[in-house]
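Here is what each chain is made of, one letter per residue.
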Amino acid sequence: MEHSPSAYVRMYRCQSIGYAALKGLSFPTTGRVTGSTSKGVFVLVPPQRVFFLSYESYRGPLTLNLSPRPAEPLPVYIGQEVPLEADEISLPTLNTHISLSDENLWLPPVPPARIRSGEELWASIQRLSESALYVHRGVGFVPLLAFIMDDPHPPTIPAILQPSIASILILKNLFTQPLEVSMPALTGLMGSGRGLTPSGDDLIVGLMLLLSRMPGMDSLHETLEALHRQIMEIAFEKTTALSANLIACACEGSADERLIQAVDGFLTGSLNESAVLATLQEYGSSSGVDALTGMALALRALKVANYLI
């Protein structure tokens, strides 16, 4: 007599749990599956918290890394209920139980204290942008790098991206104009593009993550605080809950460890351009290189404001 897969009890433990995910699991409630990929399961927790049950080893603020790694993706479905307790996540219909422990809490590394000169950073982002345009010319928001970097011969831009060009041109002046001018351009990018995290949201993550992890930003502190506050509020109203959570984390200087490694490696010079691009390529089908467009936009805005010296 054959038994269905759900007849067997699956027991996992959390090898690592991101600090933002732990906040969403701090009280008993019921979440719902909002997405499933070959790399893990996304769960929405009231009111708008999201965490990721990951089959991989990469850590992040929203990530719970399962151990042992499932031999195959869990057969979940969109909308499936996920009861949450203080010490356990359950998928009752699959007889699956995941034990939790805050002993395995993951926190982002402290931002670098010393970075390269503004001249070196600008030269490096130019080389990175050229490489990305050559290798990923048709991917996500990568074509917009040509407009961020003032390429005299920009590539042909797909029709779907053309409305974003105006936003990019406005945001190059992010620190030389009132936020009232910049915010409509930022919100215009939110939710644009395809994927679980649309490309426009990934761009904003890259933008905010670099600005949040870059030292010596004291003179822009008030502007950045206001920017963080407004962009997080709007994100939870305009785009997906997953993207909004990722944007909120980026404003705190936190993200998947691959993005942090790429940003910190770029700022300090501990990674060359090839290594930075390779690290970004490891993060999602286009999310990493879309985040690069945000990194480039952040540097461009700082240069326009004569901040890169």
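Residues numbered from 1 in each chain as written. Predicted model: local features only at pLDDT ≥ 70, side-chain atom pairs only at ≥ 80, totals over all residues. Heavy atoms only, no water.

Asker: Where do I start with the pairing of strand 6 (residues 81-84) in this structure?
Answerer: Strand residues, when the strand is regular, have side chains that alternate between the two faces of the sheet. A one-sided burial pattern is seen for strand 6, the buried positions being V82 and L84 and the unburied ones E81 and P83. Two strands pair when backbone bridges link them, and strand 2 (residues 29-37) and strand 6 are joined in this way by four bridges, in the antiparallel orientation. Along strand 6, the bridge assignment pairs G31 with V82. (Buried < 20%, exposed > 50% of the residue type's maximum accessible area, 1.4 Å probe, protein only. Helix = DSSP H or I, 4+ residues; strand = E, 2+ residues; numbered from the N terminus. Pairing = 2+ DSSP bridges.)

Asker: Any chance you could explain the packing of aromatic side chains here in plain terms?
Answerer: Each aromatic ring pair is described using two quantities: the centre-to-centre distance and the angle formed by the ring planes. Evaluated as defined, the whole model comprises one aromatic pair. Measuring from centroid to centroid gives 4.4 Å for F42 and F52, while their planes differ by 25 degrees, and the two rings are stacked. Of the two residues, F42 is situated in strand 3 (residues 40-45) and F52 in strand 4 (residues 49-54); the sequence distance between them amounts to ten residues. F52 shares its class with F42; the two are buried. Over the ring of Y58 we find R258; its NZ or CZ atom is 3.7 Å from the centre of that ring. (Phe/Tyr/Trp six-rings, centres within 6.5 Å; stacked < 30°, edge-to-face > 60°. Lys NZ or Arg CZ within 6 Å of the ring centre and 35° of its normal.)

Asker: Please clarify how the state of the cysteines should be interpreted in this entry.
Answerer: Every disulfide links exactly two cysteines, by a covalent bond between their sulfur atoms. For the structure shown, the criterion picks out zero disulfides. We note that C251 lacks a disulfide partner, and the nearest cysteine sulfur, in C249, lies 9.3 Å from it. For C251, a relative accessible area of 7% translates into the label buried. (Disulfide = S-S within 2.5 Å.)

Asker: Would you mind showing me how to read the environment of P108 here?
Answerer: Within the fold, P108 resides in the loop between strand 9 (105-106) and helix 2 (118-135). The exposure class assigned to P108 is partly exposed, which follows from its relative accessible area of 24%. On a C-alpha basis, the gap between P108 and G118 in space is 24 Å, while along the polypeptide they are ten residues apart. Apart from the residues within four sequence positions on either side, P108 is in contact with Y19, G253, S254 and I260. (Contact = heavy atoms within 4.5 Å.)

Asker: Explain the pairing of strand 4 here, please?
Answerer: Counting buried residues in strand 4 gives five out of six residues, a clear majority hidden from the surface. One ladder, built from six bridges, connects strand 3 with strand 4; its direction is antiparallel. Residue pairing across strands places G40 opposite S54, the latter belonging to strand 4. Joining the antiparallel neighbours strand 3 and strand 4 is a turn of three residues. Across three bridges, strand 4 lies against strand 5 (residues 63-67) in parallel orientation. Bridge pairing in strand 5 links L53 to L64.

Asker: Where do I start with unusual backbone geometry in this structure?
Answerer: For residues other than glycine, phi is negative in most cases, and the peptide bonds are mostly trans. Along the chain, P46 connects to P47 via a cis peptide bond; the corresponding omega equals 0 degrees. Secondary-structure assignment places P47 in the loop between strand 3 and strand 4. Each neighbour pair has its own omega, and for S67 with P68 the value is 0 degrees, a cis peptide bond. Mapped onto the secondary structure, P68 falls in the loop between strand 5 and strand 6.

All quantities given are derived from atomic positions and should not be read as evidence of function.
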